[in-house]
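Descriptive structure summary
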Amino acid sequence: MTLIESLDAFASRFNANERLRQMNRDWNRTIAIDVEGEPRCALVLEDGHMRVEPGAPSARDIALGAAEPVLVDIFGGELGPTEPYLDGRLTVQGSQEDVLRLDFLSMLIWGE
Amino acid sequence: MKRVVSVSLGTPRRDGTSEVELLGETVRVERRGTDGDVDRAEALIRELDGNVDAIGLGGVDVYLEVGGDRYPIADGVRLRDAARRTPVVDGHGLKDTLERRVVEDLARAGRVGPGTRVLMVSALDRFGMAQALTEAGCTMVFGDVIFTTGMDYPVTTLEELGKLARRVLPQLARLPHGMLYPTGARQEEAPDERFARYFEAADLVAGDIHFIMRYLSGRAHGLTVLTNSTTESDRASLARRGVRSLVTTTPVFQGRSYGTNVVEAMLVARLGPGAGPERYMELLDRVGLEPGSFDLEVSR
């Protein structure tokens, strides 16, 4: 699975979950995805819909940085975000509430 | 005299001392806040270890217990393990029993029951209370996701709460506790009214006082609050925001109700380590220590 494929899978699961879409309809955020320090693409949340945009975003609310395989595993549901965050493989920048919310989203999308 | 110290991740502004007579012996209780600094709390516990009779852990649990499953909280475990000689307790041995009993008493008194709309701002840290309120027939909203992440995601059944816990707690419990819970100066921020409608739609708000203070709007007319750790200043603030009555699950000592960790530490100091919830309740009954109840309309 490529990074874009894993992000697409993540966005598809989000968009297919009516409740998550409703609960996040006012959470408009651009989540920049950086691979080894280089901006690669972004997840854009707008009016309760999530899409993947290739390339460096013009603005960023949250930034996630890691090696590509780590990001593929996280967004593909193979790896929770907490472990790589705690061991330093994943860096996260953004407000604490936004970061925690994204963490929750990931767990609600891929949990169980 | 027995000496008990509660080491809290909360603000030092809530620090205080009390002396309580328990079956002919005085227990001196002290609270020391570390402003969310886990390293400082750990150092303080090491310093107190062997020099006091029991240590309480405030503002953090050692583990959460939801629907029979236990989830260790990394920071809580670290702080508990910092002491080698003095028992360290987080209030867990008391929380479940005491909080259930208070709800049962409220139900018997007709203060909660079918038709009572309850907002539990945090239920994953007091699942026993959540179960007791549900069993009493209350209509529940569990606000853990709302008040932890800002995501408008109300949970309304224990089943869904248990499912949520299984999904998120194994990971979340490993994060720095300050990410999940308002510690230190965050306990003193101005109220955030984004979710005021949940408070306005409730008859009773239950759970952690810091989540309540953080999100309670000034339009809480006629509301009852059920919590544990409160100071005189909390009561004045609740009264100003329109809260009608306050019930504390822990007894009131010299004007304040301490957290369950403090009360459990007092009981451990008096009874010795190894005493469980049954002996705790026996002792509380023998000395006549009861939950606190305040009519805040009087103080307005």
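Look up a bit, the structure's there.
As a starting point, this report considers the structure included with it.

**So, the overall build of chain B**
- What chain B contains, in helices and strands, is 12 helices and 15 strands.
- Seen along its three principal axes, the alpha-carbon backbone of chain B occupies a region of about 50 × 40 × 35 Å.
- The buried share of chain B, taken over its 300 residues, is 61%.
- Long-range contacts, defined here as pairs at least 24 residues apart, represent 64% of the contacts in chain B between residues at least 6 apart.
- Working note: accessible area of chain B is about 11,700 Å², and carbon and sulfur atoms make up 45% of it.

**Looking at the interface of chain A and chain B**
- Across the boundary between the two partners, chain A contributes 22 residues, which contact 26 residues of chain B.
- For the pairing of chain A and chain B, the buried interface totals around 2,300 Å² over both sides, and the portion due to carbon and sulfur atoms is 62%.
- Taken together, the links from chain A to chain B amount to two salt bridges.
- Across the salt bridge formed by Arg194(B) and Glu97(A), the nearest N and O atoms sit 2.9 Å from each other.
- One can count six residue pairs in polar contact (both at pLDDT 80 or more) joining chain A with chain B.
- Those elements that place two or more of their residues in the side of chain A that touches chain B are α2 (18-23), α4 (82-86) and α5 (96-110) of chain A.
- Looking at which element gives the most residues to the side of chain A that touches chain B, the answer is α5(A), with 10 residues.

**Quick word on the pairing of strand β9 (residues 139-142) of chain B**
Residues and elements named next belong to chain B.
- Burial along β9 is one-sided: the residues Met140 and Phe142 are buried and none of Thr139 and Val141 is.
- Examined bridge by bridge, strand β8 (residues 117-120) and β9 share four bridges and lie parallel to one another. Among the inter-strand pairings, Leu119 is bridged to a residue of β9, identified as Val141.
- Crossover connection from β8 via helix α4 (residues 127-135) to parallel β9: handedness right-handed.

**Things to note about the pattern of salt bridges**
- Taken as a whole and assessed by the stated rule, the structure comprises 32 salt bridges over all chains.
- The salt bridge partner of Glu68(A) is Arg40(A), with a shortest N-O separation of 3.1 Å. Note that Glu68(A) is positioned in helix α3 (residues 68-75) and Arg40(A) in strand β2 (residues 38-46), a separation of 28 residues in sequence.
- Accessibility expressed as a relative area gives 27% for Glu68(A), which makes it partly exposed.
- Exposure remark for Arg40(A): the relative accessible area of 37% places this residue in the partly exposed category.
- Two residues, Arg101(B) and Asp285(B), come together in a salt bridge whose shortest N-O distance is 2.8 Å. On the criterion of sequence distance, the pair formed by Arg101(B) in helix α3 (residues 92-108) and Asp285(B) in helix α11 (residues 277-286) is long-range, its members being 184 residues apart.
- Each of Asp39(B), Glu42(B), Arg46(B) and Arg78(B) takes part in one network of salt bridges that share partners.

**Regarding the sheet that holds β2(A)**
Residue and element names in this part refer to chain A.
- Taken together, the five strands give an open sheet; going across it, the order is β3-β2-β1-β4-β5, and neighbouring strands pair in mixed fashion. Each end of this open sheet is capped by a strand with a single partner; those strands are β3 (49-54) and β5 (91-93). Geometrically, the sheet is characterised by an average inter-axis angle of 20° between neighbouring strands, direction not taken into account.
- Bridging between strand β4 (residues 62-66) and β5 involves three bridges; their strand directions are antiparallel. When the bridges of β5 are listed, Leu64 appears paired with Val92.
- Here helix α1 (residues 3-16) sits on the sheet in contact with β1 (29-35), β2 and β3, set at roughly 165° to β3.
- Most of the contacts of α3 go to β1, to which it runs at about 140°, and overall it touches β1, β2 and β4.

**Re unusual backbone geometry**
Residue and element names in this part refer to chain B.
- Although it is not a glycine, Leu23 sits at a positive phi angle of roughly 50°.
- Mapped onto the fold, Leu23 is located in the loop between β2 (16-22) and β3 (25-33).
- For Leu23, a relative accessible area of 34% puts it in the partly exposed group.
- Despite not being glycine, Gln254 has its phi angle at roughly 45°, a positive value.
- By the secondary structure assignment, Gln254 is in the loop between β13 (252-253) and β14 (256-257).
- For Gln254, a relative accessible area of 58% translates into the label exposed.

**Details of the nonpolar core**
- If you look at the biggest cluster of nonpolar residues, it comprises 92 residues, and the most contacted ones within it are Ile33(A), Leu43(A), Phe75(A), Met120(B), Leu133(B), Phe142(B) and Leu226(B).
- For this core, the element with the highest residue contribution is α5(A), accounting for eight residues.
- The residue makeup of this core includes at least three contributed by each of domain 1 (2-91 + 253-290) and domain 2 (95-251 + 293-299) of chain B.
- Sequence-distant contacts of Met120(B), defined by excluding residues within four places in its chain, comprise Arg126(B), Met129(B), Ala130(B), Leu133(B), Met140(B), Val141(B), Phe142(B), Gly143(B) and Ala206(B).
- Counting residues in each nonpolar core, the second largest holds 25 residues, with Leu119(B), Phe211(B), Tyr215(B) and Val243(B) among its members.

Scoring rules and cut-offs
- Residues numbered from 1 in each chain as written.
- Chains lettered and ligands numbered in written order.
- Predicted model: local features only at pLDDT ≥ 70, side-chain atom pairs only at ≥ 80, totals over all residues.
- Heavy atoms only, no water.
- Helix = DSSP H or I, 4+ residues; strand = E, 2+ residues; numbered from the N terminus.
- Buried < 20%, exposed > 50% of the residue type's maximum accessible area, 1.4 Å probe, protein only.
- Contact = heavy atoms within 4.5 Å.
- Areas by Shrake-Rupley, 256 points an atom, 1.4 Å probe, with all protein chains shown as cover.
- Buried area = accessible area lost by both parts, 1.4 Å probe.
- Salt bridge = Lys/Arg side-chain N within 4 Å of Asp/Glu carboxyl O.
- Polar contact = N/O pair within 3.5 Å; in protein donor to acceptor, adjacent residues only side chain to side chain.
- Pairing = 2+ DSSP bridges.
- Right-handed = clockwise from strand over helix to strand, strands pointing away.
- Axes fitted to C-alpha atoms, helices over the stretch in contact; angles between N-to-C directions.
- Core = buried A, V, L, I, M, F, W, Y, C linked by side-chain atoms within 4.5 Å.
- Domains from an automatic or database assignment.

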